Amino acid sequence: MIFSYLKIFFILTIASLSVVAQDDDTGDIIYPTPETVWRVGQHVNVTFSDEVPEKETVSIFFSDARQTTLGGGPLDDRVFYFTVPAAALSRPGSTSLLLAVRRTEDRRLASVDAVNVRVIPELD
């Protein structure tokens, strides 16, 4: 029973994130900006503003590839580097939702920042 409630909560949370990202509200993410184009296999980064709170951590992943954490650690590092995975490939004419889940020092959910990026196939 509890699992069902958690599953519904998770689905509603992801649905609301899509709306936030569509409104170009990226939270504290300053790069990438909405509609940035990344290529599968490209080395990229996510950069946060100087205004992030101390003692928070972050985990970065794509909504459609949640099983793969791209980067993370103390949020005051501000810049997180990773390679764009094939699982993040956007559908034609669409974008991929990049999520940054932020947690407080005691591991409670602080916030979720999101941005839509366009992920295209790697060059042959």
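Data block above holds the structure.
Residues numbered from 1 in each chain as written. Predicted model: local features only at pLDDT ≥ 70, side-chain atom pairs only at ≥ 80, totals over all residues. Heavy atoms only, no water.

**Some details on the sheet that holds strand E3 (residues 43-48)**
- An order of E1-E3-E6 is seen for the three strands of this open sheet, with the pairing classed as antiparallel. Looking at strand neighbours, the two that pair on one side only are strand E1 (29-31) and strand E6 (79-83), the edges of this open sheet. Direction aside, neighbouring strands of the sheet carry axes that sit 30 degrees apart on average.
- As defined by bridge partners, E1 adjoins E3 across two bridges and the pair is classed as antiparallel. Bridge pairing links Ile29 to Phe48 in E3. (Pairing = 2+ DSSP bridges. Helix = DSSP H or I, 4+ residues; strand = E, 2+ residues; numbered from the N terminus. Axes fitted to C-alpha atoms, helices over the stretch in contact; angles between N-to-C directions.)

**Details of unusual backbone geometry**
- Following Tyr31, the chain continues into Pro32 via a peptide bond in cis, with omega recorded as 10 degrees.
- Structurally, the position occupied by Pro32 is in the loop between E1 and strand E2 (37-39).
- Backbone geometry at Lys55 places phi at a positive 65 degrees, although glycine is not the residue there.
- Relative to the helices and strands, Lys55 is located in the loop between E3 and strand E4 (57-62).
- Here Lys55 falls in the exposed class, since its relative accessible area comes to 55%. (Buried < 20%, exposed > 50% of the residue type's maximum accessible area, 1.4 Å probe, protein only.)

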